[in-house]
Amino acid sequence: MSDPRRADVCAVAIAEAFRGDGESLCNPIGNLPLIGGRLAAATFEPHLALTDGFYTLIDNVPAVGLSEDERQAQRVIGRWNPYREMFGLLWHGRRHVMMGATQVDRFGNQNIAAIGDWHQPRSQLLGFRGAPGNTINHTTSYWVPNHSPKVFVEAVDVVCGIGYDRAAELGPTSSRFHEIRRVVSNLGVFDFVAAGSDGGDAVPTMRLASVHPGVSVDQVVEATGFELQVPEHVPTSRGPEGAEVEELERIDPGGLRFREVPDE
Amino acid sequence: MPGPDKRCTEDEVVAELRSGMTIGIGGWASRRKPMSIIRAILRSDLTDLTVVAYGGPDVGLLCRSGHASKVISGFVSLDTIPLEPHYRAARQSGSIWAEELDEGMFLSGLQAAAWRLPFLPTRAGLGSDVPRVMPHITTVRSPYPDPDTGEHEELIAAPALRLDVALVHQHRADASGNAVWLGEDPYFDDIMVRAAERSFVSCEKVLPTAELGEGTDVTHHSISRMDVTGVVEAPGGAHFTECLPDYGRDEAFQRHYAGSARSDEAWAEFSERFVQVDEETYRAHVRELAAAAEEGDK
C-alpha cells in the first residue's frame, strides 16, 4: 500500500490536536489548520464550535476557500462574534487556537513579530498579534508548513506566544490556563513533556510524537535547530481513515492543502 | 432636543489638529478606515503625530509621508496583504518609534482611556516579550487572594491609551454626530471616540436623525452625538479599505498602493497621483487607474 499524501497526513494530524476539546471553539488560523480543524469538527469531535472566519460562531462545517457571498449563505450562525466578543471569548478561555510560527523553540516559545532586534528589526513580520493573550489564556497549538532549523530554533528572536519556561517563571497561578498542546509540521507531530522518566518539576520541552509516513527520525532531527526529545519508538502519523477521506474532499474540494504541502 | 449642526469638511477637521498630537484611528486593518480624513492629513504640514490604531494603510501612509513619528498598534496589516509594506519599511529603517501591543491588551488600554482609568488589568502580555521590549508596560498585583490558590495574582496593567483626537468612519450619521455602523462588526470606533478629547466622524451619508436607523436596528446605533465634535459627509470616504455592505475593499488599488513601497520612485509616482491631490482629483485618478486596468485586461 502506498503512503497517504503528505498534505492529508498533516490535515489529520491537525485534526487530532483538537481531539477531546468537546464543546469549545476550534480556531485554527491559515488554510491547512482550517482544513484540519474542520475535519475534526466534521468527524470525531462533533461538538466543536467553529468561526466563519470573521464575525460569527457557526454550528455547521462549510468548505474552505468560499467567496464572501458563499461564506454568508452557507454558515449556520450560533452566535455573533465580532472582534470584541472574540477577546471576551478568549479571555474566558473556551478556545483552542492553532497559529503559525516563524520561529518556535524547544519550550514552545513562538515568534511572529520580527526577525532580529525588535527595536529595529532586520525583518518586520506580523507583530505580536494575539499570541501573548492566546497563550496565557487558553490552549494553543502551532502549524509549521516548512520544518527547518530556521524555524525550529534554539531561541526565538521575540517571544510572542509564551512557552513552558516563561510559563514556569510566572508560577502556577498566573500560568494555570497555559497549554501548548501540539506543534504540527510538514515532517511530523510534536508535543511537550518533562524530560526524564519521573517528569517531576522539570519544565516540559518539545518531543517528537510521530513522524509522517516517508519521513525518518534522522530527517526530523536534522531539520530541527535544537535538541528534540526523541523516544526510543517513534510512531508514524496516520492518514485519513473512514469518513475522514470523504470529509477532507468535501471541506477542501479545490485541494488548497496540496498547494501548501506538496507531495514529496 | 436635537444637537447642534456639526457638519464640516475634511480640511476643517485637519485645521483642528496640531503637530505632536496623539490621534486614534478607527476601523481594523484595511477595513472602514476614515481615509478621506487621512488623505487630508497627508496634504497638511502636521508633523510628529502619534498614531494609535488597529492599523492598516492609514498607518502605512502616515509613516511613509513622515507625518507620524510614533505608532501604537495592535498590529498593522492590509488583510489580503498581511504585512503593511510602508509600516514594515519604517520599522526596519527605524524612522518611527513603535509600540506593538497584544491585540487584546490594546483594547484594554483603549477601554481604560474611555472609562477615565489609568490602566486595566489583563493576563494578555504576561511572560511575553511585550513588557520586556516596552518596559513602561508593567504589572499590578491583585489586592484579592485567588479563591483557589490564595495567591495575589500578578497581572499586566494595560496603560490607558488616551487620545487627543479620534477619527472614525461610520456608514450613516446625522448632522450632530449620532452615528450608525452597518455590516457585522462595529470594530472599536465607539470606544475610541470616548478615549479621545475630541472626535470626528466621517460617514457615507448624513441623514435626518429620524431616518438614521433605516435598514438596521437599535444595536447598530453605537455612537452618540455627545461624543462627537464634527461630522464629515464622505461618500466613498473609506476607499480603498473595505466598507461593507456599502462597498468592498478595492483590492486592485490596494495592490497598487502596496507596490508604491518598492522604491522611492514608485512612492513619488503614487504620491503625486493619489496623495498630493484634493479628494475630487483623487477619485478621478482612481477611476483612471481602474479604467486602465480594464483596458489592460482586454
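Residues numbered from 1 in each chain as written. Chains lettered and ligands numbered in written order. Predicted model: local features only at pLDDT ≥ 70, side-chain atom pairs only at ≥ 80, totals over all residues. Heavy atoms only, no water.

1. Focus: helix α5 (residues 103–114) of chain B
All names here are of chain B. Cut-off, in case you're wondering: Every helix listed is a DSSP run of H or I at least four residues long, and every strand listed is a run of E at least two residues long, numbered separately from the N terminus. Multiplying 1.5 Å by the residue count of a helix minus one yields the expected span of that helix. We call a residue buried when its accessible area falls under 20% of the maximum for its residue type, exposed when it is over 50%, and partly exposed in between, using a 1.4 Å probe and counting protein chains only. Under this definition, polar contacts are N or O atom pairs within 3.5 Å; protein pairs additionally need one hydrogen-donor-capable and one acceptor-capable atom, and for neighbouring residues in sequence, both atoms have to be side-chain atoms.
When the terminal C-alpha atoms of α5 are compared, their 17 Å separation across 12 residues agrees well with the 16 Å that a helix rising 1.5 Å per residue should span. α5 sits mainly inside the fold: 12 of its 12 residues count as buried. Those residues of α5 that sit buried are E103, G104, M105, F106, L107, S108, G109, L110, Q111, A112, A113 and A114. N-capping of α5 is provided by D102, with a side-chain oxygen placed 2.8 Å from the backbone N of G104.

2. Focus on empty space enclosed by the protein
Residue and element names in this part refer to chain B. For clarity, the cut-off: Here the term cavity refers to a set of points on a 1 Å grid, laid over the protein atoms alone, in which a 1.4 Å probe fits but cannot get out; the term pocket refers to an open set having protein on both sides within 12 Å along at least five of seven lines, with lining residues being those that place an atom within 4 Å of a point. Grid points are joined across faces, edges and corners, and a volume is the space filled by probe spheres set on the points. The residue classification treats Ala, Val, Leu, Ile, Met, Phe, Trp, Tyr, Cys and Pro as nonpolar and Asp, Glu, Lys and Arg as charged. All others, Gly included, are polar.
Applying the stated criterion across every chain yields a total of 1 cavity of 30 Å³ or more. Its volume calculated, the largest cavity comes out at about 50 Å³. Forming the walls of the largest cavity are R39, L42, L61, F240, F253, F270, F274, V275 and Y282. Residue assignment for the lining of the largest cavity shows that the elements contributing at least two residues are α2 (35–42) and α9 (264–274). Tallied by class, the residues present in the lining of the largest cavity amount to 8 nonpolar, no polar and 1 charged.

3. A look at α2(B)
Of all 8 residues in α2(B), 8 are buried; the element is thus mostly enclosed. Along α2(B), the residues classified as buried are B:M35, B:S36, B:I37, B:I38, B:R39, B:A40, B:I41 and B:L42.

4. Regarding the sheet that holds strand β7 (residues 154–159) of chain B
Residues and elements named next belong to chain B. For the record, the criterion: Two strands pair if DSSP finds at least two bridges between them. Fitted lines through C-alpha atoms serve as axes, helices being fitted only where they are in contact, and the angles separating the N-to-C directions of these axes extend from 0 to 180 degrees.
The 3 strands lie next to each other as β5-β7-β6, forming an open sheet whose pairing is antiparallel. The two strands at the open ends of the sheet, each matched to only one other strand, are β5 (119–122) and β6 (139–141). Ignoring which end each strand starts from, the neighbouring axes of this sheet average 45° apart. Direction of pairing for β6 relative to β7: antiparallel, over a ladder of 3 bridges. Within β7, the residue paired with R141 across the bridge is E154.

5. Description of the sheet that holds strand β2 (residues 50–51) of chain A
Sheet strands associate in pairs through backbone hydrogen bonding, adopting either a parallel or an antiparallel arrangement. All names here are of chain A. Taken together, the 3 strands give an open sheet; going across it, the order is β2-β3-β4, and neighbouring strands pair in antiparallel fashion. Either end of the sheet is taken by a strand with one partner, and the two such strands are β2 and β4 (77–80). Examined bridge by bridge, β2 and strand β3 (residues 56–58) share 2 bridges and lie antiparallel to one another. Opposite T51, over in β3, you have L57 as the bridge partner.

6. Digging into the interface of chain A and chain B
So the rule is basically this: Two residues qualify as a contact provided that any one of their heavy atoms is within 4.5 Å of a heavy atom in the partner residue. By convention, the term buried area covers the 1.4 Å-probe accessible surface removed from two parts as they join, with the contributions of both added. Here, a salt bridge means any side-chain nitrogen of Lys or Arg that lies within 4 Å of a carboxyl oxygen of Asp or Glu.
Taken together, the 44 residues of chain A in the interface contact 51 residues of chain B. Between chain A and chain B, roughly 3,900 Å² of surface is buried when both sides are summed, and carbon and sulfur atoms account for 51% of that area. For chain A, the biggest contributors to the area lost against chain B are A:R84, A:W118 and A:R129; these three give 19% of the whole. Run the count over chain A and chain B and you get 7 salt bridges.

7. Looking at the domain arrangement of chain B
All names here are of chain B. Put simply, the rule reads: For every domain, the bounds stem from an assignment made automatically or drawn from a database.
Taken domain by domain, chain B holds domain 1 (10–102 + 161–297) and domain 2 (119–159). If you average the C-alpha positions of domain 1 and of domain 2, the two centres end up 33 Å apart. Carbon and sulfur atoms make up 62% of the area that domain 1 and domain 2 hide from each other, which totals about 410 Å². At the junction of domain 1 and domain 2, the tally comes to 0 salt bridges. The interface formed by domain 1 and domain 2 contains 2 residue pairs in polar contact (both at pLDDT 80 or more). Of the residues assigned to the side of domain 1 that touches domain 2, the class counts are 2 nonpolar, no polar and 3 charged.

8. Considering the pattern of salt bridges
All names here are of chain B. For the coordinates displayed, the defined rule picks out 43 salt bridges over all chains. Two residues, E242 and R249, come together in a salt bridge whose shortest N-O distance is 3.9 Å. Taken individually, E242 and R249 each receive the classification buried, so the pair is uniform in this respect. Across the pair R273 and E269 runs a salt bridge whose closest N-O atoms are separated by 3.9 Å. Of the two residues, R273 and E269 are both situated in helix α9; the distance of 4 residues between them amounts to about one turn of the helix. Its relative accessible area of 23% is what places R273 among the partly exposed residues.

9. Thoughts on the pairing of strand β11 (residues 179–185) of chain A
All names here are of chain A. Test applied: For a crossover, the right-handed case is the one in which the path from the first strand over the helix to the second runs clockwise, viewed with the strands pointing away from the viewer.
By the criterion of burial, β11 is predominantly enclosed, with 5 of the 7 residues buried. With 5 bridges connecting them, strand β10 (residues 139–144) and β11 associate as parallel partners. The residue bridging T140 from the neighbouring strand is I180, located in β11. Between the parallel pair β10 and β11, the chain is carried across by helix α6 (residues 164–170), and the sense of this crossover is right-handed. Looking at chain direction, β11 and strand β12 (residues 188–193) are connected through 2 bridges and run antiparallel. Along β12, the bridge assignment pairs V184 with V189.

10. A look at the environment of A:V234
Residues and elements named next belong to chain A. When you line up the elements, V234 lands in the loop between α7 (217–222) and α8 (243–251). Considering only alpha carbons, one finds V234 and A209, 25 residues apart in sequence, at a separation of 6.6 Å. Those residues within four positions of V234 in sequence are excluded, and the remaining contacts are L208, S210, V211 and V217.

11. Section: the environment of B:I25
Residues and elements named next belong to chain B. Topologically, I25 is positioned in strand β1 (residues 22–25). In this structure, the C-alpha to C-alpha distance between I25 and D174, residues 149 residues apart in sequence, is 20 Å. I25 has contacts with K33, P34, I38, V51, V52, A53, D58, L62, L167 and M192, leaving out every residue within four places of it along the chain.

12. Describing the pairing of β7(B)
Where β5(B) and β7(B) come together, 4 bridges link them in antiparallel fashion. From the neighbouring strand, B:T122 faces β7(B), where its bridge partner is B:I156.

13. Regarding the packing of aromatic side chains
The condition is simple: For this analysis, a ring pair means two rings from Phe, Tyr or Trp (six-membered ring only for Trp) whose centres lie within 6.5 Å, classed as stacked if their planes differ by under 30 degrees, edge-to-face if by over 60, and tilted for the remaining angles. Working rule: Lys NZ or Arg CZ, within 6 Å of ring centre, within 35 degrees of ring normal, means a charge sits over the ring.
Following the criterion strictly, the structure yields 25 aromatic pairs over all chains and no others. Here the aromatic residues A:F54, A:Y55, A:Y83, A:F87, A:W91, B:W28, B:Y54, B:F75, B:F106, B:Y187 and B:F188 are joined through ring pairs into a cluster of three or more. Between the NZ or CZ atom of A:R5 and the centre of the ring of A:F258, over which it lies, the distance is 3.7 Å. Geometry around A:W118 places B:R91 over its ring, the cationic atom sitting 4.7 Å from the centre.

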